Amino acid sequence: GLFVASGATISQAGPGGALVAYFAMGLMVFLLMQSLGEMSSYLPVPGAFETYATRFVSPSFGFALGWNYWFNWAITVAAELSAAGIVMQYWLPDSPGWVWSVIFLTILVVLNLLSARAYGEGEFWFAIVKVVAIIAMVLLGAWVIVIGAPSAAPTGVANLWNDGGFFPTGISGVALGFVVVMFSFGGVELIGITAGEATDPRRSIPKAINQVVYRILLFYIAALFVIVSIVPWRSIDGRSSPFVQIFDSVGIPAAGTILNIVVLTAAVSAYNSGLYSNGRMLHSLAHQGNAPAVLGRTSRSGSPWVAVLVSSAMTALAVVLVAVLPDQAFGYIMSIALAAGIINWTMIVITQMKFRHHIDPRTRAGLTFTMPGAPVTNWIVLAMLAVTVVIMLTSPTYRIAIFVGVIWL
């Protein structure tokens, strides 16, 4: 979402448009997470929002949200695994990409079958690589902007407006940028899924959710600001990562190799989190009576092993599809995942609005974590999601996602 897709956003929206798109979507995501945090801190359970939707809206609403969320991750992580296979071909060009996808799939299934602690430990190390890469890029970029590269003068920030102004592609470019950025933020709601296994969810979940805003500012806004300040936006074609250009500009050798390592760990990290999420969601659906009871079985360590294996099988089928039809399947998978993501976020916000009406006013007043400005902020999030759908309908690239989403729902 950031290492590669940011290039597409910049090429579509220009420097100012990209920053506005990331900032606006970042604000929406922050409000979405606040609504989820209000429910998660009040009722920390495995499956989180599927359970809330069943309890506070209706059983059918919970059924739809739970299965849609599971389907969304099962499809999305198939694309991540195929991306991991493509990255491995950078070093071993003659090896089939699907072989690497299967290898990573096997490793991560074993990791998730062990325990939540094993998943968390693995995810910590996967995440460290991409976090360090982003922070390094921001610091190196700031150095180039203020002090300059080894063989060049400081760039300053004139690239923000030098070529066609701050919004060179107009409002239409910014609008198209919204769609790519929304996909980049997909999966942030995973924090809510962890509530049932957190040590002290009423303290740790609100803390994690509040940190989302700082992470958006650092990892997305700051990174984008550095990129569009240093690299002329027209030289970013969206087909390669602008991060490589930043590392190249300060004379770091093998910038392409470094970035491919980072992208590989990011893809593996995304699949690791997706599998964790899917196992817990199927487990929750089974205990709600919305999935076969066998999916609710857990190992001695507490891992929902049947649900993890079933989720992995679904992803394996999608990986086979990507391997057989790489050109067509990848686009379809991404479109479907995007539509499912919009459905997820819409249903989470609606659930929180119903949650507010459901609980006793005295209980509501005593909540330790509340969504600021509700219900006005709920409607702001829903309006932004609706605008994104309209934007997608105007683009042939994304229009199929809306039609598929309606049929799926």
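Residues numbered from 1 in each chain as written. Predicted model: local features only at pLDDT ≥ 70, side-chain atom pairs only at ≥ 80, totals over all residues. Heavy atoms only, no water.

### Details of the packing of helix α2 (residues 49–56) against helix α3 (residues 59–91)
In a pair of packed helices, the angle between the axes and the distance between the axes together describe the arrangement.
Here is step 1: Where α2 meets α3, the closest approach of the two axes is 6 Å, and the angle between their N-to-C directions is 165°. Relative to α3, the element α2 is oriented roughly antiparallel. Classified by chirality, the crossing of α3 by α2 is right-handed. Residues F49, E50, A53 and T54 of α2 form the contact with α3, whose own contacting residues are P59, F61, G62, F63, L65, G66 and Y69. (Axes fitted to C-alpha atoms, helices over the stretch in contact; angles between N-to-C directions. Helix = DSSP H or I, 4+ residues; strand = E, 2+ residues; numbered from the N terminus. Parallel < 35°, antiparallel > 145°, perpendicular 65-115°, else oblique. Left-handed = near helix turned anticlockwise from the far one by under 90°. Contact = heavy atoms within 4.5 Å.)

### Description of the confidence of the model for the protein chain
Here is step 1: Averaged over every residue, the pLDDT of the protein chain is 84; residues scoring 70 or more account for 95%.
Here is step 2: Across the protein chain, the secondary-structure element scoring lowest on mean pLDDT is helix α9 (residues 242–249), at 74, and the one scoring highest is helix α14 (residues 376–393), at 93. (pLDDT = per-residue confidence, 0-100.)

### Looking at the nonpolar core
Here is step 1: With 127 residues, the main nonpolar core has F3, F49, Y52, M137, F185, F243 and W345 as its most contacted residues.
Here is step 2: The dominant element in this core, judged by the number of residues it contributes, is helix α10 (residues 255–287), at 15 residues.
Here is step 3: When sequence neighbours within four positions are dropped, the list of residues in contact with F3 reads K130, A133, I134, S241, P242, F243, L259, V262, V263 and A266. (Core = buried A, V, L, I, M, F, W, Y, C linked by side-chain atoms within 4.5 Å. Buried < 20%, exposed > 50% of the residue type's maximum accessible area, 1.4 Å probe, protein only.)

### Comments concerning the environment of R280
Here is step 1: Locating R280 in the fold gives a position in helix α10.
Here is step 2: R280 sits in the buried class, given a relative accessible area of 3%.
Here is step 3: Placed 135 residues apart in sequence, R280 and I145 show a C-alpha to C-alpha distance of 45 Å.

### What to know about a nonpolar patch on the surface
Here is step 1: A surface patch of nonpolar side chains, about 370 Å² in accessible area, is lined by V20, W161, F166 and F167.
Here is step 2: Structurally, W161 can be placed in the loop between α5 (116–146) and α6 (170–185). (Patch = residues over 30% accessible without salt bridge, like charges linked within 9 Å, V, L, I, M, F, W, Y side chains within 5 Å. Areas by Shrake-Rupley, 256 points an atom, 1.4 Å probe, with all protein chains shown as cover. Salt bridge = Lys/Arg side-chain N within 4 Å of Asp/Glu carboxyl O.)

### Observations regarding the side chain of N278
Here is step 1: Considering the arrangement of structural elements, one finds N278 in helix α10.
Here is step 2: Here N278 is in contact with Y69, W70, W73, A74 and S311, once residues within four sequence places are set aside.

### Quick word on the environment of P150
Here is step 1: Within the secondary structure, P150 sits in the loop between α5 and α6.
Here is step 2: Between the alpha carbons of P150 and G251 there is a distance of 7.3 Å; along the sequence they are 101 residues apart.

### Side note on α2
Here is step 1: Among the 8 residues that make up α2, 7 are buried, leaving the element largely enclosed by the rest of the structure.
Here is step 2: Residues F49, E50, T51, Y52, A53, T54 and F56 constitute the buried set of α2.

### Some details on helix α15 (residues 396–408)
Here is step 1: Helix length check: α15 (13 residues) gives 19 Å between terminal C-alpha atoms against 18 Å at 1.5 Å per residue, within 8%.
Here is step 2: Looking at α15, one finds that the buried residues are Y398, A401, I402 and G405. Within α15, the buried residues cover an arc of 95° as seen down the axis, which keeps them to one side. In α15, the exposed residues that point more than 90 degrees away from the buried face are P396 and I407. (Expected span 1.5 Å × (residues − 1). Arc of directions from axis to C-beta.)

### Quick look at the pattern of salt bridges
Two side chains with opposite charge may pair up if their charged atoms get near one another.
Here is step 1: Taken as a whole, this structure holds 2 salt bridges when the rule is applied.
Here is step 2: The residue R356 makes a salt bridge to E38 at a minimum N-O spacing of 2.8 Å. Taken as a pair, R356 in helix α12 (residues 326–358) and E38 in helix α1 (residues 5–42) lie far apart in primary sequence, 318 residues in all.
Here is step 3: In this structure E38 comes out as buried when scored by relative accessible area, which is 0%.
Here is step 4: The partner of D163 in a salt bridge is R234, with the nearest N and O atoms 2.7 Å apart. One end of the pair, D163, is in the loop between α5 and α6; the other, R234, is in the loop between α8 (201–230) and α9, with 71 residues separating them in the sequence.
Here is step 5: Relative accessible area serves as the criterion here: at 32%, D163 is assigned to the partly exposed category.

### Quick word on the packing of aromatic side chains
Here is step 1: On inspection of all chains with the given rule, the structure shows 10 aromatic pairs.
Here is step 2: Plain terms: the ring middles of F56 and F355 are 5.0 Å apart, the flat faces sit at 70° to each other, and that makes the pair edge-to-face. Note that F56 is positioned in helix α2 and F355 in helix α12, a separation of 299 residues in sequence. Across the pair, F355 and F56 agree in class, each one buried.
Here is step 3: Site record: aromatic cluster; members linked through ring pairs are Y22, F185 and Y220. (Phe/Tyr/Trp six-rings, centres within 6.5 Å; stacked < 30°, edge-to-face > 60°.)

### Focus on the environment of G256
Here is step 1: When you line up the elements, G256 lands in helix α10.
Here is step 2: It is 40 Å that separates the C-alpha atoms of G256 and M347, two residues lying 91 residues apart in sequence.
Here is step 3: Leaving out residues up to four positions away in the same chain, G256 has contacts with Y90 and V244.

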